[in-house]
Amino acid sequence: MHYQRLPKGYLALTVVYLVTGASIAASMVFSLLLFLSLEQGLLMKLMFGGLALVFEVGKFYIWYEIGERISRRDATGAFKALCFYVVLAALSIAGSVGGINAATNTLLEGDAAKVSEVQSYNDKIAGLEREIEINEQAAQAYIDMKRIANGMKDMLDRNIELRQRQDALRHERDQVAMTSQSSLMGLMSSLAEGLGWPLSRVQFGIVAMLSMLLDFFAAFFIALLGEELRFRRNLKQAPPSATPINASAEDAPVVPTRPDYYHDVVSKLRTGDVRCAKGAVARLLAKPMAEVEDVFHWLQQDDIVYRKPNQHFALKG
């Protein structure tokens, strides 16, 4: 059984528009992160930010234009647009890689600072432990010299104080260590250990993959929207069926009749008295453009004119 293609419903189109918009917005944000980090001055930030937006908007419109040219069977135009898209997509992916890399570097720097803070606490605790050991050695010396009453009490009191400071430092260190590593840092560290790669290589691989997936994801949904728009446009332009849906097999098909002036138009087109263009025919007949559209539809059906790749009409022969 043959199923006719129907336009997508409002729910499906709403989802597609939301996903497409989110993908394009994310791609723009990551490109802006890179371009805005290049300069500190407000004017240069505005210039680079505008440049990033132009690249992103132009890239996605070109992908839509590729679909338009393919639908018109304009292979040369589609190839030129594809080449331009590849250039802009490469710039966009590079910008997204740099933007995501800048964002992850910020997270990694924060993680590194917290790791250094934890290490500082460990060093302080180790220093106190060494002082406690020295005091214990001195206390043992007092015991050996039978001078417990003279110096032993002061050293024990000092060790108790040092133990309390150690406990306080351990508590502070544990509070920092609980939030010392972000989830992204943990993921990259695990991958680096599992693959045996340096952390920098894992970081670049993740951001490059995310950037390319983001671009391909947005391009796919833009192509989907373009195809839906072309389908709806062609559906509106398609002539109504000459045969009623509920007609029986014995009913003869209804053939639309040409107007009285139709053959006069054909004659003038063939003699060159009027250009093969809708506007010229409309002026000749003094008719509205909607009626002229029907005339050209009949001319195409009668194999008198054909539509060129640029959507203009030309006389056959």
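Nothing here was measured: the structure is a model prediction, and the numbers come from that model. (Residues numbered from 1 in each chain as written. Predicted model: local features only at pLDDT ≥ 70, side-chain atom pairs only at ≥ 80, totals over all residues. Heavy atoms only, no water.)

On to the overall build of the chain. Helix and strand counts for the chain stand at 9 helices and 2 strands. Helices (α) and strands (β) of the chain occur, in sequence order from the N terminus, as α-α-α-α-α-α-α-α-α-β-β. Residues counted as buried form 31% of the 317 residues belonging to the chain. Counting contacts in the chain only where the partners sit at least 6 residues apart, residues at least 24 apart contribute 65% of the total. (Helix = DSSP H or I, 4+ residues; strand = E, 2+ residues; numbered from the N terminus. Buried < 20%, exposed > 50% of the residue type's maximum accessible area, 1.4 Å probe, protein only. Contact = heavy atoms within 4.5 Å.)

Among the residues of helix 8 (residues 278-285), Ala 280, Val 281, Ala 282 and Leu 285 are the ones counted as buried. Tucked into the core, helix 8 has its buried residues touching helix 7 (262-271) and helix 9 (289-301). Following helix 8 by one or two positions, Ala 286 has its phi on the positive side, about 55°.

Under the defined criterion, the tally for this structure stands at 9 salt bridges. As a salt-bridge pair, Arg 69 and Glu 65 come within 3.1 Å of each other at their nearest N and O atoms. Here the residue Arg 69 and the residue Glu 65 both occupy positions in helix 2 (residues 42-71), the gap between them amounting to 4 residues, near one helical turn. Overall, Arg 69 belongs to the partly exposed group, its relative accessible area being 23%. Each of Lys 8, Glu 228 and Arg 232 takes part in one network of salt bridges that share partners. (Salt bridge = Lys/Arg side-chain N within 4 Å of Asp/Glu carboxyl O.)

When a protein is soluble and globular, its nonpolar side chains tend to lie buried together. Formed by 20 residues in total, the largest nonpolar core has its most connected members in Tyr 262, Val 265, Val 281, Phe 296 and Leu 299. Secondary-structure elements contributing two or more residues to this core are helix 7, helix 8 and helix 9. Not counting chain neighbours up to four residues away, the residues in contact with Val 265 comprise Val 281, Leu 285 and Val 295. Core analysis: the second largest hydrophobic core is formed by 7 residues, Ile 62, Ala 81, Tyr 85 and Ala 219 among them. (Core = buried A, V, L, I, M, F, W, Y, C linked by side-chain atoms within 4.5 Å.)

For residues that are not glycine, phi is negative in most cases, and the peptide bond is trans in most cases. Positive phi, normally seen in glycine, also occurs at Arg 73, with a value near 60°. Even without being glycine, Ala 286 reaches a positive phi, approximately 55°.

Interaxial distance between helix 8 and helix 9 falls to 10 Å at its minimum, and their mutual angle equals 115°. The angle between helix 8 and helix 9 falls in the class roughly perpendicular. In this structure, the crossing between helix 8 and helix 9 has a hand that is right-handed. Residue-level inspection shows Lys 278, Gly 279, Val 281 and Ala 282 of helix 8 in contact with helix 9, the latter providing Met 289, Val 292, Glu 293 and Phe 296. Classifying every residue of the contact of helix 8 with helix 9 by side-chain character gives 5 nonpolar, 1 polar and 2 charged. (Axes fitted to C-alpha atoms, helices over the stretch in contact; angles between N-to-C directions. Parallel < 35°, antiparallel > 145°, perpendicular 65-115°, else oblique. Left-handed = near helix turned anticlockwise from the far one by under 90°. Nonpolar A, V, L, I, M, F, W, Y, C, P; charged D, E, K, R; others polar.)

Let's shift gears to the side chain of Asp 215. Mapped onto the elements of the fold, Asp 215 is located in helix 6 (residues 199-237). Here Asp 215 falls in the buried class, since its relative accessible area comes to 1%. The residues contacting Asp 215, other than those within four sequence positions of it, are Ser 27, Lys 59, Phe 60, Ala 89, Ser 92 and Ile 93.

Attention now goes to the packing of aromatic side chains. For the structure shown, the criterion picks out 6 aromatic pairs. Relative to Tyr 64, the ring of Tyr 61 lies with its centre 6.0 Å away and its plane at 40°, an arrangement referred to as tilted. Linking Tyr 61 with Tyr 64, this pair stays in helix 2, spanning 3 residues, or about one helical turn. Seen in terms of ring centroids, Trp 63 and Tyr 85 are 4.7 Å apart; in terms of plane orientation they differ by 45°. Their pairing is tilted. With Trp 63 in helix 2 and Tyr 85 in helix 3 (residues 75-144), this residue pair connects regions lying 22 residues apart in the sequence. (Phe/Tyr/Trp six-rings, centres within 6.5 Å; stacked < 30°, edge-to-face > 60°.)

Turning to a nonpolar patch on the surface, a few remarks are in order. Together, Leu 187, Leu 191, Leu 195 and Trp 197 make up a nonpolar patch on the protein surface, roughly 370 Å² of accessible area in all. Examined against the element boundaries, Trp 197 turns out to sit in the loop between helix 5 (183-195) and helix 6. (Patch = residues over 30% accessible without salt bridge, like charges linked within 9 Å, V, L, I, M, F, W, Y side chains within 5 Å. Areas by Shrake-Rupley, 256 points an atom, 1.4 Å probe, with all protein chains shown as cover.)

Before going further, it helps to examine helix 7. For the α-helix, the turn length of 3.6 residues means that residues three or four positions removed from each other point alike. All buried positions along helix 7 are accounted for by Tyr 262, Val 265, Val 266 and Leu 269. Down the axis of helix 7, the buried side of the element spans an arc of 100°, and every buried residue falls inside it. Among the exposed residues of helix 7, those pointing more than 90 degrees away from its buried face are His 263 and Thr 271. On the buried face of helix 7, the contacting elements are helix 8, helix 9 and strand 2 (313-315). Immediately beyond the C-terminal end of helix 7, within one or two residues, lies Gly 272, with a positive phi of roughly 80°. (Arc of directions from axis to C-beta.)

The values reported here are purely geometric and, on their own, carry no functional implication.
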